[in-house]
Amino acid sequence: MGRGRVQLKRIENKINRQVTFSKRRVGLLKKAHEISVLCDAEVALIVFSHKGKLFEYATDSCTERILERYERHSYAEKQHIDPDPISSGNWSLDYHKLKCKIEVLERNQRHYLGEDLESLSRREIQNLEQQLENAVKQIRSRKNQLVHESISELQRKEKAIEDQNNMLAKKIREKEKTMAQQAQWRQQNQGPNTLSFLLPQAPPSIEISGTTASQQEGEEAAADEMRRNRLDLTLEPLYSCHLGCFAA
């Protein structure tokens, strides 16, 4: 005989209730995963235990996106049914939705910071780890891109500075070459005059030929002869006077 239909009611035994919850939760999460993969459907499953522990499953581990889609769809249907949101009290509903969304975001933020991880299951920890690894990969990819862009920019600036230095060096060489040519041209045009002023002047040479020396000697001899004649003429009366005295 087959098993009879189990009556659905609250299990009074605490241990049996916890065991049943664990088994049914695993089966429910498994079924949600199967329908998501087999039927290509977006599934979001949220389960809270009697102690307030959260268990969830979402396609591609994106519960927030599926909930946002649900909220947009639900809000659009309500707007189509009741176009007057004030009269239907949708402002209060939106407030509660936003409050729940903020709580979910804050909880996820704490999880990303490594806080409040005790309430997460092994599968949730794995999903969180996968999300963090993907985030780190994207951050590193962006960092490498920025580093490569910075290196390319520095190389471009280095090339521009090198070209500018080469151009300045070429101008300096051309200027030096022009100045050297001008100096050489001035030296060629003013060379003889400049050398005549710069070189020491040689003393005038005195050339005494043989004839000139003879004339000078003859003139000196004649002068001596004339001085002797004058001396003789002066002394002659004296000699005659003395001689007369001696003769007497």
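These numbers come from a predicted model, not from an experiment. (Residues numbered from 1 in each chain as written. Predicted model: local features only at pLDDT ≥ 70, side-chain atom pairs only at ≥ 80, totals over all residues. Heavy atoms only, no water.)

J.: What should I look at first to understand the overall build of the protein chain in this one?
T.: Each helix and strand counted, the protein chain has six helices and two strands in total. Order of helices (α) and strands (β) in the protein chain, N terminus to C terminus: α-β-β-α-α-α-α-α. Evaluated residue by residue, the protein chain yields a buried proportion of 10% over its 248 residues. Within the protein chain, counting contacts between residues at least 6 apart in sequence, those at least 24 apart form 33% of the total. (Helix = DSSP H or I, 4+ residues; strand = E, 2+ residues; numbered from the N terminus. Buried < 20%, exposed > 50% of the residue type's maximum accessible area, 1.4 Å probe, protein only. Contact = heavy atoms within 4.5 Å.)

J.: Just to check I follow, could you spell out the side chain of histidine 111 for this structure?
T.: Mapped onto the secondary structure, histidine 111 falls in helix H3 (residues 90-112). We classify histidine 111 as buried; its relative accessible area is 8%. There is a polar contact of 3.3 Å between the side chain of histidine 111 and the backbone oxygen of aspartate 116. When near neighbours in sequence (up to four residues on either side) are disregarded, histidine 111 contacts Asp116, Leu117, Ser119, Leu120 and Leu128. (Polar contact = N/O pair within 3.5 Å; in protein donor to acceptor, adjacent residues only side chain to side chain.)

J.: Help me out: how do you make sense of the packing of aromatic side chains in this one?
T.: We describe a pair of aromatic rings using the distance from one ring centre to the other and the angle between the two ring planes. Counted according to the given criterion, the structure contains one aromatic pair. Note that arginine 25 overlies the ring of phenylalanine 55, its terminal NZ or CZ placed 4.1 Å from the centroid. (Phe/Tyr/Trp six-rings, centres within 6.5 Å; stacked < 30°, edge-to-face > 60°. Lys NZ or Arg CZ within 6 Å of the ring centre and 35° of its normal.)

J.: Please clarify how helix H1 (residues 14-39) should be interpreted in this entry.
T.: Given 3.6 residues to a turn, an α-helix orients residues that are three or four positions apart in the same direction. The end-to-end C-alpha distance of H1 is 37 Å, a good match for the 38 Å that 26 residues give at a rise of 1.5 Å each. Taken residue by residue, H1 has Arg25, Leu29, Ala32 and Ser36 as its buried positions. N-cap assignment for H1: the residue whose side-chain oxygen lies 2.9 Å from the backbone N of isoleucine 15 is asparagine 13. (Expected span 1.5 Å × (residues − 1).)

J.: Sorry, what's going on with the environment of leucine 67 here?
T.: Relative to the helices and strands, leucine 67 resides in helix H2 (residues 63-81). A relative accessible area of 28% means that leucine 67 is categorised as partly exposed. Remark: the alpha-carbon pair of leucine 67 and alanine 44, spanning 23 residues in sequence, is separated by 7.7 Å.

J.: Explain the pattern of salt bridges here, please?
T.: A side chain with one charge may pair with a side chain of the opposite charge, provided their charged atoms come close. Counted under the stated rule, the structure contains six salt bridges. One salt bridge connects arginine 110 with aspartate 116, and the closest N-O pair in it is separated by 2.6 Å. For arginine 110, a relative accessible area of 31% puts it in the partly exposed group. Arginine 156 is the salt-bridge partner of glutamate 153, the closest N and O atoms lying 2.4 Å from each other. Placement of the pair is glutamate 153 and arginine 156 together in helix H4 (residues 122-189), with a separation of three residues, close to one helical turn. When its relative accessible area of 32% is taken as the criterion, glutamate 153 is described as partly exposed. Within the structure, one salt-bridge network assembled from shared partners comprises Glu42, Arg65 and Arg69. (Salt bridge = Lys/Arg side-chain N within 4 Å of Asp/Glu carboxyl O.)

J.: I would appreciate a short explanation of the side chain of glutamate 124 in the present structure.
T.: Along the polypeptide, glutamate 124 turns up in helix H4. For the buried glutamate 124, no salt bridge is present, and the opposite-charge side chain at shortest range is arginine 25, 7.2 Å distant. Apart from the residues within four sequence positions on either side, glutamate 124 is in contact with Leu54, Phe55, Glu56 and Ser119. (Lys, Arg positive; Asp, Glu negative; His and termini not counted.)

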